[in-house]
Each structure stands twice: as structure tokens, then as C-alpha cells.
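Structure at a glance
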Amino acid sequence: MSDRSLPANFKEQIIQMLGQEEGNAFLNSYEQPRTYGLRINQLKLKTNDAIDELIQAFKLRPVPWCSTGYYYEEDTRPGKHPHHMAGLYYIQEPSAMSAVELLDPQPGETILDLAAAPGGKTTQIAAKMNGQGLLISNEIHPQRAKILAENVERMGIRGAIVTQATPPELSARFPLTFDRIMLDAPCSGEGMFRKDPSAIEEWSPASVALCANRQWDILQDAIAMLKPGGTLAYSTCTFNRTENEEMIARVLNEYPEMRLKAEKRVWPHLRQGEGHYVAVLERDQQAEEQAALGRTNEARANKKRGKSSRAGRESSKELLNAWEAFTTWTKLDLPGFQADGGIPVLFGEALYLLPRSKELNVDMELLSGIKVPRAGLHLGDYRKNRFVPAHALAMAAEAEDEARVVALETNSSELAAYLHGETLNVSTELRGWVIVAVKCGSSSYPLGWSKASGGQLKNHLPKGLRLMH
Ligand SMILES: C[S@@+](CC[C@H](N)C(=O)[O-])C[C@H]1O[C@@H](n2cnc3c(N)ncnc32)[C@H](O)[C@@H]1O
């Protein structure tokens, strides 16, 4: 694209902010092709030979500010590859990778990603937590929350609860709670212009003002949920100061307990990326420690309760039966799988493992009244006294955990057939639940379930994930 298609007042805003010379350099960057990035999934990819295979296949080059981030060549199309379906990487704009790097999540922490869909930052946070601690990934819009839950599942994340709530609904439940909060705010998207020209049509000075108002509302809820000593990363993919530096200046002005730890911009004319702003704020440790305790208890007691659309049960006869069916099934079918670090809950017939951290024990009471598309890891369904494993369980398992695996080459016709939902022919000796996996390097990685009997492998890949042509 050329800068001629940009709104005149956007160009004026840039020249005003950067000066004529640098402003022109910025505007000239619109003549350059956009950048493409992916981040490899450390929760799954553990061997160097698998990473090397991806580097070669997609002509990857490292992103300087993210050790797991790479630029890829557009024509290699990694989003269409079976390794993408296996969750070996996440397609993410390179400059957007900077926010979680600055947030610096740690294993064992209690973390909130407040505006999380489709899941770029959530999956990056979860990888850094390395299966320890609790991540609440929230998205306000139902359709986007569903996509978020699918991405969390594809990447094999066990320790995340996906909620679909408004920021005030969450802050009423989780005051002064989180060690770290990621707020990747809805913004006017000036950094999307090269990637998505429709963002240009939606942009106007009025939309900048509207976004800023909304950001301020969300930021106040985010701050209310940050615990003393906690860290908040605020990020946008827009360039104007109103939604960035001025928003942070307002926080510092109105919240004396908050201090700015770091501020970073990725500019498209200076670095290889579409552009991002990140501010890292810290809440003073001492000032509010006492207040924190009091307010947490009070809020637990006072929080609004509504009717949960799918009530979860933590202790009931059905739950015990479901759990027993799961553990019995696991011993034979998924013997290497460790279901630790969570509490089982039952939603209807769906059995989940609800993650917890040392400091936050999320229970169904605390989540009542908000939608929870994913109450942690979906283990499977307990139907008519039988356990049926969930797709999420296959994605969170390692191929080595399973008693029976069919590992296929990426370019084999069997793999294509499986991804299209077809039945495969196998030895008549193979019987029961089988993980179908794709090879990468010297290992193989689960794609989904199938069930073998009579020399046929019946396909259990969820219909919505099957390839259409
Ligand atoms: C920039 S996107 C998040 C991208 C995501 N963090 C990622 O890395 O994939 C901002 C998100 O905020 C959500 N959003 C919109 N209005 C909101 C509001 N009032 N409160 C909270 N989130 C909102 C949007 O639906 C959108 O998914």
C-alpha cells in the first residue's frame, strides 16, 4: 500500500508527533510489505531438531525482542500447515510479542489477561508460566471468546480458565488479586493499517477519543484487580499519544500507588514490525497491603451473584463417578498423563480440571454469574457411565502419554485424510482410543483422537476443526 490511502488527519497527527523528517520516514514505511511472525510453542516443542525443521520449512528468522518469536516468509503459509493444527506455534504479529516479554510472567503466579482474544498474548503468557500457576484469560465478546478457547486448547494449555465477562464483572470478583495483568486494550488500530486496510476506513479522530474513553474504563478495573507489588502491562497497536502515553500519565496522576517501570514502542520505520506500544506499571507493595486483605474478603462476600448458565459442581456423587471413570480410563488409555495441579469440576456431563495457584483458589462460586467457556482443561465427558476423552485432552497430552499412537508424516495422504475427517485403515490388532499425531523432528505431536476397531480408525477430530477441501 502507499501512504496516499491514509487519512489526512492521521498523517498530520504523525508529523506533529514525530516531526517532519521522522514523520516522513514513518509514512514511507507504508510502501514496505507488512511483516509476518510466529511464536513457537515451548509447552510442546522441546527438541531442537523439531525447531530446526520449522525454521527450514517456513524460512524463519529470529525476532530480536522475543526468544521464541520468528519472522516467516509469507509464501510458506504456516497457518495452513498440520504443525499449526498440532499447536506447535502461534501466528502472531512480531511487534505484538514485545508486550508479554516486558510483562515477564513467572511460573506459579496468578495472572489475568483481561482482553485476551484471539489469544496471542495469552498463549505467550501460558508458555512462560510453563504449566505452573493460574491464568485467567478473559474476552468480552462471545464469538471471540470461543476462538480464544480454541486457541488455548490447540496450544495444549492446561492452566488457563477462559472467561467471557466485562471488566467490572471481573473486578467485583477479583479485587487486588493478580500478580500480573495483561491489558492489551481495544484501540483505534493505527498499527493495523498495513495488515488490514479496513482498519483505515474505521479510523477517525472521533474513534481515537472513543477508544481512549473505553481504555480508561478498562484500565480502572485492571488496576482494581492488581495486587500490591503486582505488575500491569498496558499495550495497544496504535500510535497516537492519547491512547498511549497520555493514558499512562492519567494513571500516574490519579493512582499515586502506581509507578511506571518501563515504556516501549516498536515503530515500523525503525524495527521490523507493524508497531506496538507497551507500558509496564507496578503497584506499590506496602501502601495497600492491609487494605488488600480486607477488601478481598469483603468483595467475596458482596460480589454480585447471578445464575450461571452452566452450573459447575465440585463435589457430588456424579463428580466422583466421573472422576473415577476418568482415572480408570487413563490407566489403560493415557497412562503417561498426570492430572495434577487442579480440582475436578463437572458441567453437565463435561469434566474439567480447574487450575489453581498457591494464592488463588478459583471455585465455581466465585465464577457464578459469568460465562466460562473453558473452566480449565476439558478432560472429557462422562456419558452413560462411560468416559469419552475431549479433544482438549489430546492436545494437552504428549504422544508418549498414550497407549496407542498413529504417527503420520506431514505430507502423507493418511494425514490429509485424517484432517479431512476420513476413516483410516489400520491393523486389525489395533483397538480402542488412539491419538493421531504428526511427526516433527524426532518426535510426534497429537492432532486429535480416533477409535480403532475391525481394522478401521474412526475419526474423532471435532467437525469444526476438519479441513474442508
Ligand atoms: C487488541 S484485542 C486483544 C488481542 C489479544 N490480546 C491477543 O494478543 O490476541 C482487544 C480485545 O478487547 C476486546 N474488547 C472490546 N471492548 C472491550 C471492553 N469494553 N472491555 C474489555 N475488552 C474489550 C475486543 O473484543 C478484543 O478482543
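Residues numbered from 1 in each chain as written. Predicted model: local features only at pLDDT ≥ 70, side-chain atom pairs only at ≥ 80, totals over all residues. Heavy atoms only, no water.

**Details of the overall build of the protein**
Here is the rule: Runs of H or I in DSSP of at least four residues are treated as helices and runs of E of at least two as strands, each being numbered from the N terminus. With C-alpha atoms as the basis for the radius of gyration, the globule rule is written as 2.2 Å multiplied by the number of residues raised to the power 0.38. Type-normalised accessible area, obtained with a 1.4 Å probe on protein chains alone, sets the label of each residue: buried when under 20%, exposed when over 50%, and partly exposed for intermediate values. Should any heavy atoms of two residues lie within 4.5 Å, those residues are considered in contact. A residue counts as positive if it is Lys or Arg and as negative if it is Asp or Glu; His and the chain ends are not included. Where a charge sits is defined by one atom per residue type, namely NZ (Lys), CZ (Arg), CG (Asp) or CD (Glu).
In terms of regular secondary structure, the protein is built from 16 helices and 22 strands. Computed over C-alpha atoms, the radius of gyration of the protein comes to 23 Å, within 12% of the 23 Å expected from 2.2 N^0.38 for 469 residues, which places it in the range of a compact globule. Across the 469 residues of the protein, 57% fall into the buried class. Contacts in the protein between residues far apart in sequence, at least 24 positions, make up 73% of those at least 6 positions apart. For the protein, the centre of its 54 positive side-chain charges and the centre of its 58 negative side-chain charges are spaced 6 Å apart.

**Description of the UniProt feature "active site" (unreviewed entry) in the protein**
So the rule is basically this: UniProt positions are given in the numbering used here, feature names are shortened, and annotations may be inferred rather than shown by experiment.
Under the feature "active site" (unreviewed entry), the UniProt entry names Cys-237. Checked against the element boundaries, Cys-237 lands in the loop between β9 (226-236) and α11 (245-254). Given the relative accessible area of 18%, Cys-237 is considered buried. Residues contacting Cys-237, with those up to four places away along its chain left out, are Cys-187, Gly-189, Glu-190, Gly-191, Met-192, Gly-275 and His-276.

**Overview of the pairing of strand β11 (residues 276-283)**
Note the threshold: One bridge is not enough; two strands pair if DSSP finds at least two bridges between them.
By the criterion of burial, β11 is predominantly enclosed, with eight of the eight residues buried. Neither face of β11 is exposed, since His-276, Val-278, Val-280 and Glu-282 on one face and Tyr-277, Ala-279, Leu-281 and Arg-283 on the opposite face are all buried. Strand direction decides the pairing type here: β9 and β11, joined by six bridges, are antiparallel. Looking at the pairing, Ala-233 lines up with Val-280 of β11. Of the strand pairs in this sheet, strand β10 (residues 258-266) and β11 are connected by eight bridges, and their pairing is antiparallel. Directly across from Glu-263, in β11, lies its bridge partner Ala-279.

**A word on the site of the ligand**
Test applied: Residues are labelled near a given molecule or strand when at least one of their non-hydrogen atoms is within 4 Å of it. For the purposes of these results, a polar contact is taken to be a pair of N or O atoms within 3.5 Å, where, inside protein, one atom must be able to donate a hydrogen and its partner to accept one; residues adjacent in sequence count only when each atom of the pair is a side-chain atom. Side-chain classes are defined by residue name, with Ala, Val, Leu, Ile, Met, Phe, Trp, Tyr, Cys and Pro counting as nonpolar, Asp, Glu, Lys and Arg as charged, and the others, Gly among them, as polar.
With respect to spatial proximity, 17 residues lie near the ligand, and among them Gly-120, Glu-139, His-141, Arg-144 and Asp-184 are the closest. Interatomic distance of 3.1 Å between a backbone N/O atom of Gly-119 and an oxygen atom of the ligand. Here an oxygen atom of the ligand sits 2.8 Å away from a polar atom, N or O, in the main chain of Gly-120. Contributing elements (two or more residues each) for the shell around the ligand: α6 (120-129) and α10 (205-225). Broken down by class, the residue content of the shell around the ligand amounts to nine nonpolar, three polar and five charged.

**Notes on the side chain of Gln-124**
In this fold, Gln-124 is placed in helix α6. Those residues within four positions of Gln-124 in sequence are excluded, and the remaining contacts are Arg-39, Cys-66, Gln-92, Ala-96, Met-97, Val-100 and Glu-101.

**Notes on the sheet that holds strand β20 (residues 432-440)**
The five strands are arranged β18-β20-β21-β22-β19 in an open sheet whose pairing can be described as mixed. This sheet does not close on itself; its edge strands, each paired only once, are β18 (405-408) and β19 (424-425). Bridging between β19 and strand β22 (residues 456-459) involves two bridges; their strand directions are antiparallel. Across the sheet, the residue bridging to Leu-424 is Leu-457, located in β22.

**Let's talk about the sheet that holds strand β1 (residues 37-40)**
Strand order in the open sheet made by the four strands is β2-β3-β1-β4, with antiparallel pairing throughout. What marks the edges here is a single partner per strand, and that holds for β2 (61-62) and β4 (89-91).

**What to know about the domain arrangement of the protein**
What counts, and what does not: Just so you know, the domain bounds were taken from an automatic or database domain assignment. Defined here as a combined quantity, buried area equals the accessible surface (1.4 Å probe) lost by two parts on assembly, summed across both.
One can read the domain layout of the protein as domain 1 (33-283), domain 2 (312-356 + 378-394) and domain 3 (403-465). If you average the C-alpha positions of domain 2 and of domain 3, the two centres end up 23 Å apart. Across the contact, 12 residues belong to domain 2 and 12 residues belong to domain 3. Taking both partners together, domain 2 and domain 3 bury about 890 Å²; carbon and sulfur atoms supply 64% of that area.

**What about unusual backbone geometry?**
Residues Ala-117 and Pro-118 are joined by a peptide bond in cis, for which omega reads 5°. Despite not being glycine, Lys-59 has its phi angle at roughly 50°, a positive value. Following the sequence through the fold, Lys-59 ends up in the loop between α3 (48-57) and β2. Looking at Lys-59, the relative accessible area reads 47%, which means it is partly exposed.

**Section: the pattern of salt bridges**
Threshold: Whenever Lys or Arg places a side-chain nitrogen within 4 Å of a carboxyl oxygen from Asp or Glu, that contact is recorded as a salt bridge.
The tally for this structure, following the rule as stated, stands at 17 salt bridges. In this structure, Arg-144 and Glu-139 form a salt bridge, with 3.9 Å as the shortest nitrogen-oxygen distance. Assessed through its relative accessible area of 5%, Glu-139 is described here as buried. Two residues, Glu-282 and Arg-259, come together in a salt bridge whose shortest N-O distance is 2.5 Å. Taken together, the residues Glu-282 in strand β11 and Arg-259 in strand β10 connect sequence positions 23 residues apart. Here Glu-282 falls in the buried class, since its relative accessible area comes to 19%. We classify Arg-259 as partly exposed; its relative accessible area is 47%.

**Thoughts on the packing of α10 against α11**
Convention followed: For helices, the fitted axis covers only the stretch in contact; all axes are lines through C-alpha atoms, and the angles between them, taken along N-to-C directions, range from 0 to 180 degrees. Working rule for angles: under 35 degrees goes down as roughly parallel, over 145 as roughly antiparallel, 65 to 115 as roughly perpendicular, anything else as oblique. A clockwise turn of the near helix away from the far one marks a right-handed crossing, whereas an anticlockwise turn of less than a right angle marks a left-handed crossing.
The geometry of α10 relative to α11 is characterised by a closest axis approach of 11 Å and an angle of 45° between their N-to-C directions. Looking at the two axes, α10 sits oblique to α11. In the packing of α10 onto α11, the handedness of the crossing is right-handed. Two secondary-structure elements touch here, α10 through Ala-212, Gln-215, Trp-216, Leu-219 and Ile-223 and α11 through Met-247, Arg-250, Val-251 and Glu-254. Looking at the contact of α10 with α11 residue by residue, the class counts come to six nonpolar, one polar and two charged.

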